[in-house]
Amino acid sequence: METGGERQSATAARERIISVSAAPYDGYDPAEAFESLARVGATHVEPAFIVGYTEPFDESAFAPAQATAYRRLSEASGLACTAMSSHIDLGLPDAVEVFTGRMRFAGAIGARIIATNAAARARQAAFFANMDVLLRRAEEIGLTIALENPGDGSDNLLDTAADGLALVRRFGSDRLGLNYDAANTASHRPALGDFAGDAIVAMPACVHIHVKDLVRRESGWHFTPIGEGTIGCARILEAARDRPSMPISLELPLRLHRRPDAQPVRRPEPVPLAEIEDALRRSLATVRSALK
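Description of the structure in this document. (Residues numbered from 1 in each chain as written. Predicted model: local features only at pLDDT ≥ 70, side-chain atom pairs only at ≥ 80, totals over all residues. Heavy atoms only, no water.)

### Points about the pattern of salt bridges
Part 1: Within the structure shown, the criterion is met by 21 salt bridges.
Part 2: Residues D26 and R255 are paired through a salt bridge, measuring 3.4 Å at the closest nitrogen-oxygen approach. In this pair, D26 sits in the loop between β1 (18–21) and α2 (30–39) while R255 sits in the loop between β10 (248–250) and β11 (256–258), placing the two residues 229 residues apart along the sequence.
Part 3: Take R255: its relative accessible area is 6%, and that puts it in the buried class.
Part 4: Each member of the salt-bridge network shares a partner with another, and the members are R121, D155, D159, D163 and R189. (Salt bridge = Lys/Arg side-chain N within 4 Å of Asp/Glu carboxyl O. Helix = DSSP H or I, 4+ residues; strand = E, 2+ residues; numbered from the N terminus. Buried < 20%, exposed > 50% of the residue type's maximum accessible area, 1.4 Å probe, protein only.)

### Considerations on the packing of aromatic side chains
Part 1: Overall, the coordinates contain 12 aromatic pairs when judged by the stated rule.
Part 2: Pairing F49 with F105 gives two aromatic rings, centres 5.6 Å apart and planes at 85 degrees, and the pair type is edge-to-face. Pair noted here: F49 is in the loop between β2 (44–46) and α3 (64–76) and F105 is in helix α4 (residues 95–108), with a separation of 56 residues, a long-range link. Across this residue pair, the class does not change: F49 and F105 are buried.
Part 3: The structure contains a cluster of three or more aromatic residues connected by ring pairs, namely F34, F49, F57, F62, Y70 and F105.
Part 4: Seen from the ring of F128, R170 lies directly overhead, with NZ or CZ sitting 3.7 Å from the centre. (Phe/Tyr/Trp six-rings, centres within 6.5 Å; stacked < 30°, edge-to-face > 60°. Lys NZ or Arg CZ within 6 Å of the ring centre and 35° of its normal.)

### Some details on the sheet that holds β10
Strands pair in a sheet through their backbones, by hydrogen bonds, and they do so in one of two ways: parallel or antiparallel.
Part 1: Strand order in this open sheet of 8 strands is β2-β1-β10-β7-β6-β5-β4-β3, and the pairing throughout is parallel. Edge strands, defined here as strands with exactly one partner in the open sheet, are β2 and β3 (83–85). The average angle at which neighbouring strand axes cross in this sheet is 30 degrees, direction not considered.
Part 2: With 3 bridges connecting them, β3 and strand β4 (residues 113–116) associate as parallel partners. Directly across from A83, in β4, lies its bridge partner I113.
Part 3: Here helix α8 (residues 195–202) sits on the sheet and contacts β6 (176–181) and β7 (206–211); the angle it forms with β6, its principal contact strand, is near 165 degrees. (Pairing = 2+ DSSP bridges. Axes fitted to C-alpha atoms, helices over the stretch in contact; angles between N-to-C directions. Contact = heavy atoms within 4.5 Å.)

### Quick look at the side chain of T54
Part 1: The topology assignment puts T54 in the loop between β2 and α3.
Part 2: We classify T54 as buried; its relative accessible area is 12%.
Part 3: A polar atom in the side chain of T54 sits 3.2 Å from the backbone oxygen of I50.
Part 4: When sequence neighbours within four positions are dropped, the list of residues in contact with T54 reads D26, A48 and R266. (Polar contact = N/O pair within 3.5 Å; in protein donor to acceptor, adjacent residues only side chain to side chain.)

### Digging into α8
Part 1: Counting buried residues along α8, 6 of its 8 residues qualify, which places the element largely inside the surrounding structure.
Part 2: Turning to α8, the residues buried within the fold contact α6 (161–171), β6, α7 (182–188), β7 and α9 (233–240).
Part 3: For α8, the N-terminal capping position is held by D194, with its side-chain oxygen 2.9 Å away from the main-chain nitrogen of G197.

### Observations regarding α9
Part 1: Burial in α9 covers these residues: C233, I236, L237, A239 and A240. Taken around the axis of α9, the buried residues stretch over an arc of 160 degrees, which confines them to a single face.
Part 2: Structurally, α9 contributes buried residues whose contacts are with α7, α8, β7, β8 (213–217), β10 and α10 (273–290). (Arc of directions from axis to C-beta.)

### As for the sheet that holds β8
Part 1: Read from one edge of the open sheet, 4 strands run β8-β9-β11-β12, paired in antiparallel fashion. Where the open sheet ends on each side, the last strands, each with one partner, are β8 and β12 (264–266). On average, each strand axis in the sheet is inclined to that of its neighbour by 35 degrees, with strand direction left out of account.
Part 2: By the bridge criterion, 5 bridges tie β8 to strand β9 (residues 220–224) in an arrangement that is antiparallel. Of the residues in β9, the one forming a bridge with V215 is H222.

### A word on the pairing of β9
Part 1: Within β9, 5 of the 5 residues are buried, leaving the element largely enclosed by the surrounding structure.
Part 2: Where β8 folds back onto β9 in an antiparallel hairpin, the turn is made up of 2 residues.

### Considerations on the state of the cysteines
Part 1: In the structure shown here, the tally under the stated rule is 0 disulfides.
Part 2: Note on C81: no disulfide assigned, nearest cysteine sulfur contributed by C206 at a separation of 19 Å.
Part 3: A relative accessible area of 10% means that C81 is categorised as buried.
Part 4: Looking at C233, it has no disulfide partner, and the nearest cysteine sulfur is the one in C206, 14 Å off.
Part 5: A relative accessible area of 4% places C233 in the buried class. (Disulfide = S-S within 2.5 Å.)

Now the structure itself:
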């Protein structure tokens, strides 16, 4: 098995950071997840704290002691951290306090990008006011906030690439960009049709992207290894080749699917490790090949 140093050198040689989201390891403790990620050849982990995607958690998960423990575990497995997902509605009354705590946690574990949703359209005014504060906090911590399009079908300030581009232009901050996820668009705005095309439109404003694939069935949207679904990941990765400094993360939330109404449903038990590792190996091979 590769050592952590060998994996880091390989990443530097590629000039591309490819992370793997911890989302498929829902139900496993971080130590077990990191050991598994090392086995499949990952070099970077993207921690995932997403309500509905993972086991329930509260803000105590982001305490300084938790950050120290998390960083030690990832480093022991030879994994670096560039980005963290921790979605909230940034228009909520407590968004500044809550998201500041999560940004501090992200910075403490080594991340330089934190992905989150924007806000419900009905909370637009509060979102803009909160973002003015949060962008200053991001500057202090040394993070970039990456707004991610949701997948739940709600009326959001970031429904499509055009919305995201407009938001980034409005703030004009080096501490703000997009984390576009074409598979989210598939369930969020299925009528759009060309999900890969929308991802490519968004790419000039992206500081990070999620590469995720799925198929639509009568029971809803089901996630697949990268390249084995219908999103058009090959087109997205082809466009990403021209942006070698833009980090990419593979997100395979294998424990859940989205119902026809786009709401996430988690299966009762964690996905077996062998199944997770097989899907990740196939996905990493597909993505690395496409980005050569």
